[in-house]
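Overview (structure and organization)
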Amino acid sequence: MERPSWAPEDIDLERPSVARVYDFYLGGSHNFAVDRELGRRVIETFPLLPKTLQENRAFLRRAVRFCVEAGIRQFLDIGSGIPTVGNVHEVAQQVDPTIKVVYVDIDPVAVAHSRAILKGNEYATAIRADFRQPEVILSHPELQRLIDLRQPVALLLVALLHFFPDTEEVQRTIARFRDALASGSYLVISHASADTQPTPLKVAELYARSGTPMAMRTKAEIARFFEGFELVEPGLVLGLDWRLEPEEAVDDNPERHSGYCGVGKKP
Amino acid sequence: MTGLDHRTPAGSGRGWVALPSGGGRPGVDTFARVWATTIAGTSYVPLSSTELESFLRDLAGRIIDALLDDTFDPQVGYEVGRTLVNAHFTSPETLGRTVAVLGNRLLPQLGLSYVEGPDAAELASRLAMLQGSLASGFAEALRDRTLDEQEAIRQAVLLAREEAQYALRASEARFRAVFAGAAIGIGIADPDGRILEVNQALASMLGYTVNEMRGLNINSLRHPDEPIEMQQIFQELAAGGRDHIFLEKRLMRTDGQAVWTHLTASLIRDEDGTPRYQVAMFEDVTERHQLQERLRHQATHDPLTQLPNRTLFFERLNEALRSDDPTLRVGVCYLDLDGFKVVNDSLGHDVGDQLLVAIANRLVQCVSVGGHLLARMGGDEFVILVAPSRDTASAIEVADAALRSLEEPVRIAGHELTVSASIGVVERPVAGTSVAEVMKAADITLYWAKSDGRNRWALYDPERNAREVARYTLSATMPRALERGEFFLEYQPLVRLTDRTVIGVEALVRWRHPQHGVLRPDRFIGLAEETGLIVPLGRWVLAEACREAKRWQQKYPGQAPFVSVNLAVRQLHDRGLVGDVSAILSETGLDPSCLQLELTESAVMGSAGPPLDALHELARMGIRIAIDDFGTGYSNLSYLRRLPVHTLKLDGSFVEGLRPEDASDPVDEKIVSTLVSLAHTLNLTVTAEGIETSAQEERLRDLGCDCGQGWYLARPGPPEAVLAFS
Ligand SMILES: C[S@@+](CC[C@H](N)C(=O)[O-])C[C@H]1O[C@@H](n2cnc3c(N)ncnc32)[C@H](O)[C@@H]1O
């Protein structure tokens, strides 16, 4: 739902919010009855979803660590959601407390909550903006305060892009970010895919009915989002296959439904 | 307290098995691994499996310590439960599996499952208590966490709402500023037209304060001259029949002046689609409008007289004719000044222009009474549009009044100028006519008024027009008729009255027209004179008559009659006349004395210079010259004396009055006898035309008239008939 900046959206608690439903999946209580209702219905059709999302969070964690090890000291996490545990700034600042993290989300409640959590953390902030307005995000004073765009940045678009059915638009938007980022920057994407879901249409339909359209893209479609980036090993793969730490226990459940995950580097 | 000291080796009173302390004990690591596998994936925790294992190893150590401690403290279980939740093991399933794995696997992993007796009971009781306190610690921490998170998310909602409110207020303030400061006038009304809000620009545009306008009805801003359809459009908008209006609308200022605006109005509906507001934006275009009006005025008015010009006239005429009311009539008076060119040429354009202005003023005054449109068509042409017209008489009245208004002389630059005008009047029902037809008729009628003698009006007359059209077509087809030999001659005898001998014949031309049959000369000679065809036609007549006369001469040498041929004025003025005649005579071999040429009195009398020379030359050649229709024109008798004339042909009107003896008109008798004796004095012979009775013949003979012509004596006939007389 797009709104010009002069007419702020009212906070409608009668409708589920993607951010809060996601929190519910992850076992959080930052959610309301409507959110839980949608969450439970989705879980009914797709019982493994919470596990899938845990895998997604695990990928996020590994990807952040990877970027930190690669020397990245600035993170731009778009569609960051409601902070639970293992958030980007926690993972990154564990290694280097001066790593800068800017969270961006369109959900005003998620942003307000993020701000509350980040109170006192001078290297992390949260802003409310729309992913589809890169210029607004990149020129936001909060971002400008923390991030030096002449230095490499890790741009995280994790579990976000499947909420935009217009592939062209996503492509264009990513390109605009890419052009604004310094060489050596990273793009981190995870994306739900019909290839890996047993009931993709059902899930999408439940979301669509609650007002959020979803687009489960194919692997090839997702790969195209990395245009202008070089995928690092092992490329675009299922979450569980992306740089799993050797000692990490593989789930005993052989079914794998996580979306496609990948990290690309701007040459 | 002697409690269980797991650090003391086994063999104490209770037979307690000695185990290494905490994490160092064998079995702790294995148990931790089993525990980790059991609860992995039940809750989302940001830990790798190694991290998870080490986290659980610590917890397992604490549980085992508590289990084997001398002084048993079940509180440890409680702490472990809380720790789990704090690490985000928030799923009930984690708790369930943890309790189960403690009960089923802890003692076997520690190698204590063999313990029996009271120690076994003590162990089981301790384990159960630890499980219980772990569950309550877990539950309590989860409840705390849940409540905290709920509190946190609610706070976030409040915060977000506050921010949204703040943004909304900022945006409202921004809008208010935009609304108030916009250069364009904006007004908001409810569906009934009651004004809710206006901005400064609109208030200033109309001369109100913003406050004064609130509560007014938009209808009160209407200009009284606004067409009624305009209101309907607005009613449609208010009723929801249309959602937008774009139009030019006139509003009324508080000072009564009109303000022209470009208006864009929209209907704003609520979610159910019910009309809520009308929003209108007004751009003041008064200046632009005035400029347009000025331009339009310029385009439709004559700069000299300020009268409407032909463009406007045609516009109005068009409008009048477009009406579909069949009873309506329209009148057009097409007026052209008589002799205006003379004024212009002699007194200069400046005076001419002033004269036009003065005349325009007179005409305006005279037409404005009836509310008719007066336009200047260009030059000295004006037109009055009477629309609607009551009847023909009223249109004629307008024309009359216009003529009368010009009677008084006009004073310009010391000159007293008298101008008259000719007017073509066309008046007819609007149905079944067109602008082109009306204007063509007006043009023709104006020409009639001119040719009828100017300073008058003429009324369009379709019959007259039809006649003229026929005349026109006739004259247009005449040249081809001459080529095709459609003309022929008849001959009427000229009879000597003393002995009734035929001494000559008059050649009379006829046209055997393919559609109209045989036409007499009065139908086409006039036309031929106008078009100039008379010259070749006359030449043909002369040649034909001479050829015929020669034939008679050959048949009856010395006795055949001479032939008399009419000569038109145009022919007399034609420089080739003498050459043509002598050529024809030599071609046909006719003796000049056998040819008589008849000219009208006026043709002969007015002649001077070359035409007169030609006449003398013809007479010298031995050709007889007769004056035709004598007595109808003005004759200078003394002049007549010096002309080479041989015969007078007395006009038939004099003959008409002659009757037997006493019934005769004494004046006519007197005139005829005087003319005859006068002619004889001048050595001229007299031929009387138009003899229709024996009494007339007798009287003429008695009065001494030499010859006669007329139906009573002989009708015109073909050449063969002439031979019969001879
Ligand atoms: C499924 S959550 C992902 C959270 C987090 N990135 C993760 O993977 O754990 C998607 C988030 O994207 C946010 N979002 C949806 N549309 C957005 C947009 N147009 N711009 C920014 N954020 C958006 C939602 O509010 C939600 O918080």
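Heads up: these notes are all about the structure in this document. (Residues numbered from 1 in each chain as written. Chains lettered and ligands numbered in written order. Predicted model: local features only at pLDDT ≥ 70, side-chain atom pairs only at ≥ 80, totals over all residues. Heavy atoms only, no water.)

Observations regarding the nonpolar core
Residue and element names in this part refer to chain B. Judged by nonpolar contacts, the single largest core of 79 residues is most densely connected at Phe-487, Val-563, Val-565, Leu-595 and Leu-700. Of all the elements, helix 17 (residues 534-555) adds the most residues to this core, at 10 residues. Not counting the four nearest positions on each side in its chain, Val-563 is found in contact with Tyr-491, Val-505, Ala-507, Ala-545, Ala-549, Trp-552, Cys-594, Leu-595 and Gln-596. Trp-35, Leu-68, Val-80 and Leu-84 belong to the second largest nonpolar core, which has 38 residues in total. (Core = buried A, V, L, I, M, F, W, Y, C linked by side-chain atoms within 4.5 Å. Buried < 20%, exposed > 50% of the residue type's maximum accessible area, 1.4 Å probe, protein only. Helix = DSSP H or I, 4+ residues; strand = E, 2+ residues; numbered from the N terminus. Contact = heavy atoms within 4.5 Å.)

Things to note about the side chain of Asp-35 of chain A
The residue Asp-35 of chain A is located in helix 2 (residues 33-45) in this model. In terms of polar contacts, Asp-35 of chain A uses its side chain to reach the backbone amide nitrogen of Phe-32 of chain A, at 2.8 Å. (Polar contact = N/O pair within 3.5 Å; in protein donor to acceptor, adjacent residues only side chain to side chain.)

Describing the interface of chain B and chain A
On the chain A side, the residues contacting the 32 residues of chain B number 33 residues. Both sides of the chain B and chain A interface together cover about 2700 Å² of buried area, and 60% of this is carbon and sulfur. Among the residues of chain B in contact with chain A, Tyr-44, Glu-149 and Ile-153 of chain B are the three that bury the most area, contributing 24% of the side total. Across the chain B-chain A interface, the total number found is two salt bridges. The salt bridge partner of Glu-163 of chain B is Arg-115 of chain A, with a shortest N-O separation of 3.1 Å. Seen at the junction of chain B and chain A, the total is seven residue pairs in polar contact (both at pLDDT 80 or more). Elements with a contribution of two residues or more to the side of chain B that touches chain A: helix 2 (49-68) and helix 5 (117-181) of chain B. Looking at the side of chain B that touches chain A, the element that brings in the most residues is helix 5 of chain B, giving 19 residues. Here the side of chain B that touches chain A is built from residues that sort into 14 nonpolar, 11 polar and seven charged. (Buried area = accessible area lost by both parts, 1.4 Å probe. Salt bridge = Lys/Arg side-chain N within 4 Å of Asp/Glu carboxyl O. Nonpolar A, V, L, I, M, F, W, Y, C, P; charged D, E, K, R; others polar.)

Quick word on empty space enclosed by the protein
Residue and element names in this part refer to chain B. Applying the stated criterion across every chain yields a total of three cavities of 30 Å³ or more. Estimates place the volume of the largest cavity at around 80 Å³. Around the largest cavity sit 13 residues that line it, and Gly-538, Arg-539, Gln-571, Leu-577 and Asp-580 are the ones nearest its centre. Of all elements in the fold, only helix 17, strand 16 (562-566) and helix 19 (577-588) reach the threshold of two or more residues within the lining of the largest cavity. Across the lining of the largest cavity, the residue classes break down as seven nonpolar, three polar and three charged. (1 Å grid on protein atoms, 1.4 Å probe; cavity = no way out; pocket = protein on both sides within 12 Å on 5 of 7 lines; lining within 4 Å. Points joined across faces, edges and corners; volume = space filled by probe spheres on them.)

Topic: the sheet that holds strand 12 (residues 456-459) of chain B
All names here are of chain B. Here we have five strands laid out as an open sheet, ordered 7-8-6-11-12, and mixed in their pairing. On the outer flanks of this sheet lie strand 7 (373-378) and strand 12, each paired with one strand and no other. Pairs of neighbouring strands in the sheet enclose a mean axial angle of 20°, with direction left out of account. In this structure, strand 6 (residues 329-338) lies alongside strand 11 (residues 420-429), joined through 10 bridges in antiparallel fashion. Residue Arg-329 lies in a different strand from strand 11, and its bridge partner there is Pro-429. Running over the sheet, helix 14 (residues 435-451) touches strand 6, strand 7, strand 11 and strand 12 and is turned about 145° from strand 11. (Pairing = 2+ DSSP bridges. Axes fitted to C-alpha atoms, helices over the stretch in contact; angles between N-to-C directions.)

Notes on the site of the ligand
Residues and elements named next belong to chain A. Close contacts around the ligand come from 20 residues, with Tyr-22, Arg-57, Gly-79, Asp-105 and Val-158 the closest. Between an oxygen atom of the ligand and a side-chain N or O atom of Tyr-22, the distance comes to 2.6 Å. Within the contact set of the ligand, a nitrogen atom lies 2.9 Å away from a side-chain nitrogen or oxygen of Asp-130. Taking 600 Å² as the accessible area of the ligand by itself, protein coverage stands at 95%. Sorting the residues of the shell around the ligand by element identifies helix 1 (18-25) and helix 3 (49-69) as the ones contributing at least two each. With three residues, helix 1 is the single largest residue contributor to the shell around the ligand. (Near = heavy atom within 4 Å. Areas by Shrake-Rupley, 256 points an atom, 1.4 Å probe, with all protein chains shown as cover.)

Considerations on the sheet that holds strand 5 (residues 275-284) of chain B
Residues and elements named next belong to chain B. With antiparallel pairing, five strands are arranged side by side in an open sheet as 2-1-5-4-3. Each end of this open sheet is capped by a strand with a single partner; those strands are strand 2 (195-198) and strand 3 (244-252). Within this sheet the neighbouring strands show an average axis-to-axis angle of 25°, counted without direction. Across five bridges, the pairing between strand 1 (residues 185-189) and strand 5 is antiparallel.

Considering helix 2 of chain A
Residue and element names in this part refer to chain A. Taking 1.5 Å as the rise per residue, helix 2 with 13 residues should run 18 Å; its terminal C-alpha atoms sit 19 Å apart, in good agreement. Listed in full, the buried residues belonging to helix 2 are Asp-35, Leu-38, Gly-39 and Val-42. Along helix 2, the residues classed as buried sweep out an arc of 100° about the axis, all on the same side. Among the exposed residues of helix 2, those pointing more than 90 degrees away from its buried face are Ala-33 and Glu-44. (Expected span 1.5 Å × (residues − 1). Arc of directions from axis to C-beta.)

A closer look at the packing of aromatic side chains
Scanning the model with the defined rule gives 14 aromatic pairs over all chains in all. Here the aromatic rings of Phe-66 of chain A and Tyr-186 of chain A are separated by 5.8 Å at their centres, their planes lie at 85°, and the arrangement is edge-to-face. Placement of the pair is Phe-66 of chain A in helix 3 and Tyr-186 of chain A in strand 5 (residues 186-191), with a sequence separation of 120 residues. For the pair Phe-66 of chain A and Tyr-186 of chain A, one class covers both residues: buried. Arranged with centres 6.1 Å apart and planes meeting at 15°, the rings of Phe-55 of chain B and Phe-89 of chain B form a pair that is stacked. In this pair, Phe-55 of chain B sits in helix 2 while Phe-89 of chain B sits in the loop between helix 3 (75-86) and helix 4 (92-110), placing the two residues 34 residues apart along the sequence. Here Phe-55 of chain B matches Phe-89 of chain B in class, with each residue buried. An aromatic cluster is built from Phe-59, Phe-66, Tyr-186 and Trp-242 of chain A, whose rings are joined through pairwise contacts. Taking the ring centre of Trp-242 of chain A as reference, the NZ or CZ of Arg-243 of chain A above it sits at 5.5 Å. One Lys or Arg, Arg-624 of chain B, reaches over the ring of Phe-562 of chain B and ends 4.8 Å from the middle of that ring. (Phe/Tyr/Trp six-rings, centres within 6.5 Å; stacked < 30°, edge-to-face > 60°. Lys NZ or Arg CZ within 6 Å of the ring centre and 35° of its normal.)

Focus on the side chain of Glu-689 of chain B
Residue and element names in this part refer to chain B. Tracing the backbone shows Glu-689 in the loop between strand 20 (685-688) and helix 25 (694-703). Buried and unpaired, Glu-689 has no salt bridge, with Lys-649 as the nearest side chain of opposite charge at 4.8 Å. Not counting chain neighbours up to four residues away, the residues in contact with Glu-689 comprise Asp-628, Asp-629, Lys-649, Leu-650, Asp-651, Gly-652, Val-655 and Gln-709. (Lys, Arg positive; Asp, Glu negative; His and termini not counted.)

Focus on the pairing of strand 8 (residues 381-386) of chain B
All names here are of chain B. Among the six residues of strand 8, five are classified as buried, and the element is accordingly described as predominantly covered. Inspection of the sheet shows strand 6 paired to strand 8 by six bridges, in the antiparallel sense. Across the sheet, residue Asp-336 finds its bridge partner in strand 8, namely Glu-381. A loop of two residues connects strand 7 with strand 8, the two strands running antiparallel in sequence, and Gly-379 in this loop sits at a positive phi of about 55°.

As for the packing of helix 12 (residues 349-368) of chain B against helix 13 (residues 392-405) of chain B
Residue and element names in this part refer to chain B. Running from N to C, helix 12 and helix 13 cross one another at 145°; their axes reach a closest spacing of 9 Å. With respect to the hand of their crossing, helix 12 and helix 13 are arranged in right-handed fashion. Along its contact with helix 12, which presents Arg-362, Leu-363 and Cys-366, the element helix 13 presents Ala-401, Ala-402 and Ser-405. Looking at the contact of helix 12 with helix 13, its residues break down into four nonpolar, one polar and one charged. (Left-handed = near helix turned anticlockwise from the far one by under 90°.)

Just geometry here; none of it tells us what the structure is for.
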